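Okay, here's what each chain looks like letter by letter:
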Amino acid sequence: MARSLAGQVALITGASSGIGWELGRQLALQGCPVGLVARREQPLRELQQIITQAGGTSAVAVADVAERHQIENAVQQIREQLGPVDLVFANAGVGKTTQIHPVNVAEVEQVIRTNLLGVIYTLSAALPEMLTRGTGRLIGISSLAGYRGLPGESAYCASKAAVNSYLDGLRIQLRDSGVRVTTICPGFITTPMTANMNFHLPGLMTAEKAVQRMIRAVKAGTKVYSFPWHVHMMVKFSRWMPDRVMARIMRDKAMAPNPVTPPSPT
Ligand code: NDP
């Protein structure tokens, strides 16, 4: 049975854009005081203004989630302004094509650091207080791309697969602690991240609709929420597909030295 989240303090990383921005907006409308975190302060302040005008409560903290001390400080700032954090949405992420000639190692590192370590640092910063209080929810925004390594998306897929495994383990470890863990694996959502993908994106959904679904899953205490279901099925099925078939389907991406961003769920 879905319960109201009103009054629960929600901290959202990557709130300056896309999914995180919409999470902040919708959660505030539902009565959550929201802590908005990202590197760019200006869009966070703009969202804060929108929330204030709608009668909501919010606080802003600037941080790079890939820098452990910065995100720890940000969580502390939000806690001081809004009170103990009940919900953490580790959402901040980057999508960068993995190139092979030359290999763009620095960008690969940025993807892993932001998408994996950023999630770990964010959740770890909030966890001790939740354990003390015996309550809280940790939510990781992963991706359907975590289900299968795809040509041109190796780093991104690896970062999301690792997030899925990390959260699986954490969820079981926290089973009797009162702290719940939800992994969210969306397909394609209309945000700046997908804005330059000039090809058919199956199941493409607006951020508004996607966030409604995410919030519903969190309220229901869903452990792993992958959507939309038909893209989820496609991606799961692709795990059994031979490499040569995958290579044929994604021919340009698999063989090109520096592939353009392929049509995979980001
Ligand atoms: P956007 O590019 O619109 O937003 C990304 C957000 O992450 C921005 O607010 C950005 O803020 C923040 N961010 C990026 N790097 C850092 C960092 N080092 N420290 C702090 N904040 C950072 O993308 P989406 O909204 O689409 O993506 C949000 C999440 O959803 C990501 O994890 C993505 O992988 C995932 N996802 C997206 C899908 C899609 O189709 N759009 C599908 C599946 C998953 P700033 O630059 O201000 O720091």
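Structure report, in brief. Every chain is numbered on its own, with residues counted from 1 as its sequence reads. Predicted model: local features are reported for residues with pLDDT of at least 70 only, side-chain atom pairs are reported and counted for 80 or more only, and whole-chain, interface and lining totals are derived from all residues. The side-chain quantities take in all heavy atoms of the structure and omit both hydrogens and water.

### Topic: helix α5 (residues 154-173)
Line of reasoning, step 1. Helix and strand definitions follow DSSP, with helices as H or I runs of at least four residues and strands as E runs of at least two, each counted in order from the N terminus. An expected span of 1.5 Å times one less than the residue number is assigned to each helix. Helix length check: α5, at 20 residues, gives a terminal C-alpha distance of 28 Å against a target of 28 Å (1.5 Å per residue), a fit within 8%.
Line of reasoning, step 2. Between buried and exposed lies partly exposed: a residue is buried under 20% and exposed over 50% of the maximum accessible area for its type, with that area taken using a 1.4 Å probe on protein chains only. Listed in full, the buried residues belonging to α5 are Ala155, Tyr156, Cys157, Ser159, Lys160, Val163, Asn164, Leu167, Leu170 and Arg171.
Line of reasoning, step 3. Tucked into the core, α5 has its buried residues touching α4 (105-133), β5 (136-141), β6 (179-186) and β9 (224-227). Any two residues whose heavy atoms approach within 4.5 Å at even a single point are treated as in contact.

### Here's the deal with the sheet that holds β9
Line of reasoning, step 1. Strand pairing is assigned whenever DSSP identifies at least 2 bridges connecting the two strands. Strand order across the open sheet formed by seven strands is β3-β2-β1-β4-β5-β6-β9, with parallel pairing between neighbours. A strand with exactly one partner marks an edge of an open sheet, and here the two such strands are β3 (58-62) and β9. Taken over all neighbouring pairs, the strand axes of this sheet differ in orientation by 15 degrees on average, direction set aside.
Line of reasoning, step 2. Two strands pair when backbone bridges link them, and strand β1 (residues 10-13) and strand β4 (residues 87-90) are joined in this way by three bridges, in the parallel orientation. Following the sheet pairing, Leu11 is matched in β4 by Val88.
Line of reasoning, step 3. Between N-to-C directions, angles span 0 to 180 degrees; the directions come from axes that are lines fitted to C-alpha atoms, helices contributing only their stretch in contact. In this fold α5 packs onto β5, β6 and β9, with an angle of close to 155 degrees to the strand it touches most, β6.

### Some details on the pattern of salt bridges
When the charged atoms of two side chains lie near each other, side chains of opposite charge can form a pair.
Line of reasoning, step 1. The working definition used for a salt bridge is a side-chain nitrogen of Lys or Arg within 4 Å of a carboxyl oxygen of Asp or Glu. Applying the stated criterion across every chain, the model contains nine salt bridges.
Line of reasoning, step 2. Here Asp86 and Arg133 are joined by a salt bridge, their closest N and O atoms 3.3 Å apart. Here Asp86 is found in the loop between α3 (68-82) and β4, whereas its partner Arg133 is found in helix α4, with 47 residues between them in sequence.
Line of reasoning, step 3. On the accessibility criterion, Asp86 (12% relative accessible area) is buried.
Line of reasoning, step 4. The partly exposed category is assigned to Arg133, whose relative accessible area is 38%.
Line of reasoning, step 5. The partner of Asp168 in a salt bridge is Arg171, with the nearest N and O atoms 3.2 Å apart. Of this pair, Asp168 and Arg171 both sit in helix α5, three residues apart, which is roughly one turn of the helix.

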